[in-house]
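Given next are the chains, with one letter for each unit.
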Amino acid sequence: MDWVWTHAGAIWALVLEHIGLCVPPIVLGFVISIPIGWWASRNAAVRSVLLTVGNILYTIPGLALVVLIPVILGVPLLNPVNIVVALTIYALAIMVRSAADAFASVPEGVQQSATAQGFSGAQRFLTVELPLAGPVLLAGIRVVSVSTISLATVGSLVGISSLGDLFTDGFQRNFLLEAVVGFVLVLVLAAVFDVLLSTAGRLLMPWTRGARLSSRAARTVAMPLAPAVRR
Amino acid sequence: MLFLQAIQWILTPANWQTVNFGPGIGGELVAHLWLTFLSTLVAAVIAVPIGLAIGHTGRGRGGAILIGNVVRAFPTLGLLSILLLVLGLGLPPVVLVFVLLGIPPLLAGAYAGVESVDKQAIDGARAVGMSEWQVLTKVEVPLALPLLLGGLRSAVLQIIATVTLVSNYGSDSLGQFIISGAATKDYVQMTAGAILVTVLALLADAVLASAQRITTPRGVLRGAGSRTTARGRRPLTAPSGAPISEGS
């Protein structure tokens, strides 16, 4: 364990680098998916096109995408932007589907009564649809956060620094502790992000706190969100 | 430009024979496919029976979901490093990692498939005197097949993507061109490797997607038309409109 203390500074630097790679894709994935998902929830043709494209992008292996993005964008291979773009693409592939489901889950009747009460389109979207879609959006972004944090490590294979460096370096030096430390830190980071997101969700959507049903509903929605089962 | 050079590199017949004194595209492709096939087979043999049992009995579902969520959080690169450091290099440890990654989607596909079967169909099967085994093999499995294959599709893609990483640990796979290309700054080779891996994944996805379509029973497809319109609103109607199901 001495190794951990003597290298605490370097390890902490990797944690910060890892966070720096992961936060932009999670935020971008969330923000971009909301208008796209809303559009997809209104239009079945758009929905099927977007979900198909998302599925195809999600199919591209991470290492390949990290290598192909600089070729397409024309930026140097070692630019962290490559990882951020790759992770944002994966985040969108998951999140657009979940946002489309989230907005589709807002009851038709509620939307009609909002319109009947004189809400304008934008008002209705911000004060009625978005809050009611919230729990499903939260479930989606939690899946995105976990998978982004774990995927970011792949960049180490082409030289983009993250906690993944501890895996490759640990293996090359035949030093198990280093790899285990990296593994545990990735899991801890994923757990911390998850707690932050669900806390933010509870603060922003206080009405879901007492209602056990809605949290359960959000969880059951999170299941099909997982790319585990493809239809 | 790099992209075109990479395509040219792939179309150069000599590169299919040997690259950098190692196996060429042909050899790495065979190694990639062999690792994928072997690992998927082992994962399926373990996960599908368990998943079917969970779906049929309804027991152990929480555990399966938990396993799926935990494994999804695992960084695959870290899993490879740790298990190969502990178990040593060679085929068995490498396959073990891929099996671990393949099990959750296969498990989820199997139990979600069985759970998706209309409870009335199962009650009907029991009512005409089928044994539990017959209910499983003649009703639940055929109707679960599309989702089960969906799980297989996810597992195969997950494994193909991870097999790419194994070249960093001295095993052969199409990832070899990416790893050694990055190490020697041979960006043409590296890009070519990424293209090859992507094409392989997309082809595998397309093949398994059509398998999914073919195995969907025609009756299910016809019924699905009315169901897809209610998509997204289903959770709302389910509590009040779900058919009464007995004994399942």
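Look a little higher up for the structure.
None of these values were measured; they are calculated from a predicted model.

**Student:** How do you make sense of the nonpolar core when you look at a structure like this?
**Tutor:** Soluble, globular proteins show a tendency: their nonpolar side chains are buried together. Ranked by internal contacts, the top residues of the largest apolar core, which has 123 residues, are Leu63 and Val158 of chain A together with Trp9, Leu106 and Ile178 of chain B. Considering every element that reaches this core, the biggest residue donor is helix α6 (residues 91–115) of chain B, with 14 residues.

**Student:** Help me understand the packing of aromatic side chains, please; the structure alone is not making it clear to me.
**Tutor:** What describes a pair of aromatic rings is the distance from one ring centre to the other and the angle between the planes of the rings. Scanning all chains against the criterion turns up seven aromatic pairs over all chains. A ring pair is formed by tryptophan 38 of chain A and phenylalanine 125 of chain A, whose centres lie 5.9 Å apart and whose planes are at 85°; its orientation type is edge-to-face. Of this pair, tryptophan 38 of chain A sits in helix α2 (residues 8–42) while phenylalanine 125 of chain A sits in helix α7 (residues 121–151), placing them 87 residues apart in sequence. When its relative accessible area of 18% is taken as the criterion, phenylalanine 125 of chain A is described as buried. Taken together, a centroid distance of 5.1 Å and an interplanar angle of 55° make the contact between phenylalanine 183 of chain A and phenylalanine 74 of chain B tilted. Of the two residues, phenylalanine 183 of chain A sits in helix α9 (residues 176–204) while phenylalanine 74 of chain B sits in the loop between α4 (61–73) and α5 (76–87), which places them in two different chains. An aromatic cluster of three or more residues is present, and its members are Trp38, Phe103 and Phe125 of chain A.

**Student:** Sorry, what's going on with unusual backbone geometry here?
**Tutor:** Most peptide bonds take the trans configuration, and most residues that are not glycine carry a negative phi. Its identity is not glycine, yet asparagine 174 of chain A carries a phi of approximately 55°, on the positive side. Following the sequence through the fold, asparagine 174 of chain A ends up in the loop between α8 (164–172) and α9. You can call asparagine 174 of chain A exposed: its relative accessible area is 60%. The phi angle at lysine 185 of chain B is positive, at roughly 55°, despite the residue not being glycine.

**Student:** What am I meant to see in the interface of chain B and chain A here?
**Tutor:** Interfaces are frequently sized by the accessible area removed from exposure as the parts join. Contact with chain B, which involves 50 residues of that partner, is made by 43 residues of chain A. Of the roughly 4100 Å² buried between chain B and chain A, counting both surfaces, carbon and sulfur atoms make up 76%. Inspection of the chain B/chain A interface yields zero salt bridges. Counting across the interface, chain B meets chain A through two residue pairs in polar contact (both at pLDDT 80 or more). Elements that contribute at least two residues to the side of chain B that touches chain A include exactly α1 (2–11), α4, α5, α6, α8 (132–165), α9 (175–183) and α10 (187–215) of chain B. Take the side of chain B that touches chain A: its biggest share by element is 11 residues, from α10 of chain B. Taken together, the residues that form the side of chain B that touches chain A break down as 33 nonpolar, 12 polar and five charged.

Rules of the game
- Residues numbered from 1 in each chain as written.
- Chains lettered and ligands numbered in written order.
- Predicted model: local features only at pLDDT ≥ 70, side-chain atom pairs only at ≥ 80, totals over all residues.
- Heavy atoms only, no water.
- Core = buried A, V, L, I, M, F, W, Y, C linked by side-chain atoms within 4.5 Å.
- Buried < 20%, exposed > 50% of the residue type's maximum accessible area, 1.4 Å probe, protein only.
- Helix = DSSP H or I, 4+ residues; strand = E, 2+ residues; numbered from the N terminus.
- Phe/Tyr/Trp six-rings, centres within 6.5 Å; stacked < 30°, edge-to-face > 60°.
- Contact = heavy atoms within 4.5 Å.
- Buried area = accessible area lost by both parts, 1.4 Å probe.
- Salt bridge = Lys/Arg side-chain N within 4 Å of Asp/Glu carboxyl O.
- Polar contact = N/O pair within 3.5 Å; in protein donor to acceptor, adjacent residues only side chain to side chain.
- Nonpolar A, V, L, I, M, F, W, Y, C, P; charged D, E, K, R; others polar.

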